[in-house]
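Results of the structural survey
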Amino acid sequence: MFSLDWIYYAISWILLTWHSAWDAIGVSVGAVIGTNWAWILSIIFLVVTVRVILFPVFVKQIKSQRAMQALQPKVKELQEKHKGDRETLQKEMMELYRKEKANPLMGCLPMFLQIPVFLGLFHTLKRLNPDNQGKTLYGWTVEQFNSASSAKLFTAPISGRFGSTADELANLGANSTTVKIVAGILVLIMIATTYLTSRQMILKTGWAEDPQQRMVQRLMLYGIPVSLLISGSIFPIGVIIYWVTNNLFTLGQQQWVLRKFPPLVPPKTSTAGKTTAGKAAAQPAGIAGLLGRKTAQPAVKAPAAAPKVAGPKPGAKPVNPKKSGGRPAKRQG
């Protein structure tokens, strides 16, 4: 059977390293405002550590999404060509993705890579019980284990859950009402921030034309937040702190990346069905200046109009240019 001990050791090492760092710079180990900030900050900076490691993968995710967005016109053509033939459509789309080296599932890769971290933290915090006999597992000392077991957020232990039993909370020396209030508020924040991270990306990139991609977007936007309403009751408070911090980090990181790599703007179509890309190329946009401002483009002068020739007055005799020899016609009396 595949062992996850290496994950538990890695998560424990990061947590303990950050806890030692906060202790070294003078962050109080004891409770302040009912909170052991050294352990709370250790969980928060566990998120920072993981996200810094995964940042190159996140950039690849954005580039993959841009590639998928650029392929949307071709995807739409295939959908119209093979309308009603779903099997052929799927084969043609997979061939298109292979040819263009685009991966529809790349958008979920950072989330999948964070699942082991989440599972490791969940297991580590679930073990934080004063009655646990295996206190020195995964590199912990007895002193560190006892300190983490008694760590609290506004008097609610970080290993406590919304669904904790009375006996479990009694072992942690916690009040049931306090734990439910703190955990309930954090679960609501977790759901809201999870929804906002997905919504932020979809608003910037737009809904995908590919049914498979659109289904993934709907799952990320609605499915996961709804599932957290149920599963949040079994998450320890420390895990929810990790999740909320991770969502806030994602919101800020996505905002930066979306400015650095703005979404592609699809070409507009005219009534004849032709794109206006040629016209846009003929009139390029202004190049950004040193401060990021667009420089004004010189105005295109309109072609000079042909001079108007005055017509003959009413009642005047027609003039023969050959006879007049270019001389002006005599003025009529």
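Conventions we followed
Residues numbered from 1 in each chain as written. Predicted model: local features only at pLDDT ≥ 70, side-chain atom pairs only at ≥ 80, totals over all residues. Heavy atoms only, no water. Helix = DSSP H or I, 4+ residues; strand = E, 2+ residues; numbered from the N terminus. Buried < 20%, exposed > 50% of the residue type's maximum accessible area, 1.4 Å probe, protein only. Contact = heavy atoms within 4.5 Å. Areas by Shrake-Rupley, 256 points an atom, 1.4 Å probe, with all protein chains shown as cover. Axes fitted to C-alpha atoms, helices over the stretch in contact; angles between N-to-C directions. Parallel < 35°, antiparallel > 145°, perpendicular 65-115°, else oblique. Left-handed = near helix turned anticlockwise from the far one by under 90°. Nonpolar A, V, L, I, M, F, W, Y, C, P; charged D, E, K, R; others polar. 1 Å grid on protein atoms, 1.4 Å probe; cavity = no way out; pocket = protein on both sides within 12 Å on 5 of 7 lines; lining within 4 Å. Points joined across faces, edges and corners; volume = space filled by probe spheres on them. Core = buried A, V, L, I, M, F, W, Y, C linked by side-chain atoms within 4.5 Å. Expected span 1.5 Å × (residues − 1). Salt bridge = Lys/Arg side-chain N within 4 Å of Asp/Glu carboxyl O. pLDDT = per-residue confidence, 0-100.

Here the focus is the overall build of the protein chain. In terms of helices and strands, the protein chain carries 12 helices and two strands. Along the chain direction, N to C, the helices and strands of the protein chain fall in the order α-α-α-α-α-α-β-β-α-α-α-α-α-α. Looking at the protein chain as a whole, 37% of its 333 residues are labelled buried. In the protein chain, 68% of the contacts between residues at least 6 apart in sequence involve partners at least 24 apart. In the form shown here, the protein chain has an accessible surface area of approximately 21,300 Å², with 64% of it arising from carbon and sulfur atoms.

Between two packed helices, both the angle of their axes relative to each other and the distance between the axes serve to describe the pair. Across the interface, helix 2 (residues 37-70) lies against helix 10 (residues 237-260) with an axial gap of 9 Å and an inter-helix angle of 40°. By the angle between their axes, helix 2 is oblique relative to helix 10. Pair helix 2 / helix 10 crosses with right-handed handedness. Across the interface between the two elements, Ile 40, Ile 43, Ile 44, Leu 46, Val 47, Val 48, Val 50, Arg 51, Phe 55, Phe 58, Ile 62 and Arg 66 of helix 2 pack against Gly 238, Ile 241, Tyr 242, Thr 245, Asn 246, Phe 249, Thr 250, Gln 253, Gln 254, Trp 256, Val 257 and Leu 258 of helix 10. Along the lines of polarity and charge, the residues of the contact of helix 2 with helix 10 split into 16 nonpolar, six polar and two charged.

Time to look at empty space enclosed by the protein. For the structure on display, the rule yields one cavity of 30 Å³ or more. Of the pockets and cavities examined, the largest cavity occupies roughly 30 Å³. Every residue lining the largest cavity is listed: Leu 15, Trp 39, Ile 43, Leu 125, Leu 128, Trp 140, Ala 148 and Ile 158. In terms of residue class, the lining of the largest cavity is made up of eight nonpolar, no polar and no charged.

Below, the discussion takes up the nonpolar core. Residues Leu 46, Leu 121, Trp 140, Met 190, Phe 235, Ile 237 and Tyr 242 are the most contacted members of the largest nonpolar core, which totals 46 residues. Contributions of two or more residues to this core are made by helix 1 (5-24), helix 2, helix 5 (109-126), helix 6 (142-149), helix 8 (176-205), helix 9 (211-231) and helix 10. When near neighbours in sequence (up to four residues on either side) are disregarded, Trp 140 contacts Ser 12, Leu 16, Trp 39, Thr 124, Leu 128, Lys 135, Phe 145 and Ala 148. Counting nine residues, the second largest nonpolar core, distinct from the first, contains Met 68, Leu 78, Leu 96 and Ala 102.

This part is about helix 1. Taking 1.5 Å per residue as the helical rise, helix 1 with its 20 residues ought to reach 28 Å, and the 28 Å between its terminal C-alpha atoms agrees with that figure. For helix 1, the elements touching its buried residues are helix 2, helix 5 and helix 6. Following helix 1 by one or two positions, Gly 26 adopts a phi angle in the positive range, close to 100°.

All chains considered together, the criterion is met by two salt bridges. Note that Lys 91 is salt-bridged to Glu 87, the shortest N-O span being 3.7 Å. Of this pair, Lys 91 and Glu 87 both sit in helix 4 (residues 86-100), separated by four residues, roughly a single helical turn. Each member of the pair, Lys 91 together with Glu 87, is exposed. For Arg 161, the salt bridge identified is with Glu 168, shortest N-O distance 2.9 Å. Take Glu 168: its relative accessible area is 31%, and that puts it in the partly exposed class.

Looking at the protein chain as a whole, its pLDDT mean stands at 78, while 75% of the residues score no less than 70. Note on residues 267-300: pLDDT under 50 across the span, and 17 contacts to partners over four residues away in sequence or across chains.

This part is about unusual backbone geometry. A positive phi is found at Tyr 138, a non-glycine position, where the angle reads about 60°. Assignment of secondary structure puts Tyr 138 in the loop between helix 5 and helix 6. The class of Tyr 138 is buried, set by a relative accessible area of 11%. If you check the backbone angles, Thr 155 has positive phi at about 70° while not being a glycine. When you line up the elements, Thr 155 lands in the loop between strand 1 (152-153) and strand 2 (156-157).

What follows deals with the packing of helix 5 against helix 10. Across the interface, helix 5 lies against helix 10 with an axial gap of 9 Å and an inter-helix angle of 155°. Viewed along their axes, helix 5 and helix 10 adopt a mutual orientation that is roughly antiparallel. Listed contacts from helix 10 to Gln 114, Val 117, Phe 118, Leu 121, Phe 122 and Leu 125 of helix 5 are Gly 238, Val 239, Tyr 242, Trp 243 and Asn 246.

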